[in-house]
Amino acid sequence: MIIALYAAAAVIMAGGSLYFAWRDRGFRKFLAGAFFVSSGILFYLYLADVSVPLLGTGFVESPQISGGRSAVHFILFLVCFYFGFLKQPKA
C-alpha cells in the first residue's frame, strides 16, 4: 500500500511540476536550482557508497541507483537551465 501511495504522489507532483514549468519561466529557474542540488547530493551518495532506505518500506536504494538518478537529475538541470535562463521568451 505504501508503494502505491508513493507512486501516486510521484505522478501528481510530476504532473504539477510539468504544468507550472510549461507556463512560468521563473518556475523553470527554480527547478534548475533544485535539480542541480539534487544531482550533487545523489552523486555524493554514490561516491560515498551510501545506501538510502525508503521511508516506510523495507526497500533500500543502492549507491548505483543514486548514481543513475544523479545523471538523470543533471540532464534535467541542463534542460531547465537552458529554458529558464538562456533561451529568450517569444514576444
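This text gives an overview of the structure that appears in the document.

Parameters at a glance
The residue numbering used here restarts from 1 in each chain and proceeds along that chain's sequence as written. Predicted model: local features are reported for residues with pLDDT of at least 70 only, side-chain atom pairs are reported and counted for 80 or more only, and whole-chain, interface and lining totals are derived from all residues. Calculated side-chain values reflect all of the structure's heavy atoms, with hydrogen atoms and water omitted. Any Lys or Arg side-chain nitrogen found within 4 Å of a carboxyl oxygen on Asp or Glu counts as a salt bridge. Within this analysis, patches are made of residues with over 30% relative accessible area and no salt bridge. Like charges are joined at 9 Å or less; nonpolar side chains (Val, Leu, Ile, Met, Phe, Trp, Tyr) at 5 Å or less. The protein chains shown are the only cover counted for residues, whose accessible areas, like all others here, come from Shrake-Rupley with a 1.4 Å probe. Where helices and strands are cited, they refer to DSSP runs of H or I of at least four residues and of E of at least two residues respectively, numbered from the N terminus. The span you would expect from a helix comes to 1.5 Å times its residue count less one. Whether a residue is buried, partly exposed or exposed follows from its accessible area with a 1.4 Å probe, protein chains only, as a fraction of its type maximum: under 20%, in between, or over 50%, in that order. Should any heavy atoms of two residues lie within 4.5 Å, those residues are counted as being in contact. To pair, rings of Phe, Tyr and Trp, with the six-membered ring standing in for Trp, must have centres within 6.5 Å; the planes then decide the type, stacked if under 30 degrees apart, edge-to-face if over 60, and tilted in the middle. Axis definition: a line fit to C-alpha positions, over the contact stretch in the case of helices; interaxial angles, taken between N-to-C directions, run 0 to 180 degrees. In this scheme, roughly parallel covers angles under 35 degrees and roughly antiparallel covers those over 145, while 65 to 115 is roughly perpendicular and the rest are oblique. Each crossing is labelled by how the near helix is turned from the far one, with a counterclockwise turn of less than a right angle marking it left-handed and a clockwise turn marking it right-handed. Polarity classes work like this: nonpolar for Ala, Val, Leu, Ile, Met, Phe, Trp, Tyr, Cys and Pro, charged for Asp, Glu, Lys and Arg, and polar for all others, with Gly in that last group.

Using the criterion set out here, one finds one salt bridge in the structure. Arg-69 serves as the salt-bridge partner of Glu-61, at 3.0 Å between the closest nitrogen and oxygen.

Together, Met-1, Ile-2, Ile-3, Leu-5, Tyr-6, Leu-54, Leu-55 and Phe-59 make up an exposed nonpolar region whose accessible area comes to about 860 Å². Positionally, Phe-59 belongs in the loop between strand E1 (52-53) and strand E2 (60-61).

With that settled, consider helix H3 (residues 63-86). Two residues of an α-helix separated by three or four positions point the same way, owing to the 3.6 residues in each turn. If you check H3, its first and last C-alpha atoms are 33 Å apart, about what 24 residues at 1.5 Å a residue would give, namely 34 Å. Of the positions making up H3, those classed as buried are Pro-63, Ser-66, Gly-67, Ser-70, His-73, Phe-77, Cys-80 and Gly-84. Summarising the contacts, the buried residues of H3 are in contact with helix H2 (25-47) and E2.

Counting across every chain of the model gives seven aromatic pairs. Here Phe-43 and Tyr-46 contribute two aromatic rings whose centre-to-centre distance is 6.2 Å and whose plane-to-plane angle is 35°, an arrangement assigned as tilted. You can see Phe-43 and its partner Tyr-46 sitting in helix H2, three residues apart, about one turn around the helix. Aromatic pair Phe-77 and Phe-81: ring centres 5.7 Å apart, planes at 40°, arrangement tilted. Of this pair, Phe-77 and Phe-81 both sit in helix H3, four residues apart, roughly one helical turn.

Our focus in this paragraph is the packing of helix H1 (residues 2-23) against H2. It is the contact of H1 with H2, at a shortest axis distance of 5 Å, that shows an interaxial angle of 125°. If you check the angle between H1 and H2, you find them oblique. For H1 against H2, the interelement crossing comes out left-handed. Across the interface between the two elements, Ser-17, Phe-20, Ala-21, Trp-22 and Arg-23 of H1 pack against Arg-25, Phe-27, Arg-28 and Leu-31 of H2. Grouping the constituent residues of the contact of H1 with H2 by class yields five nonpolar, one polar and three charged.

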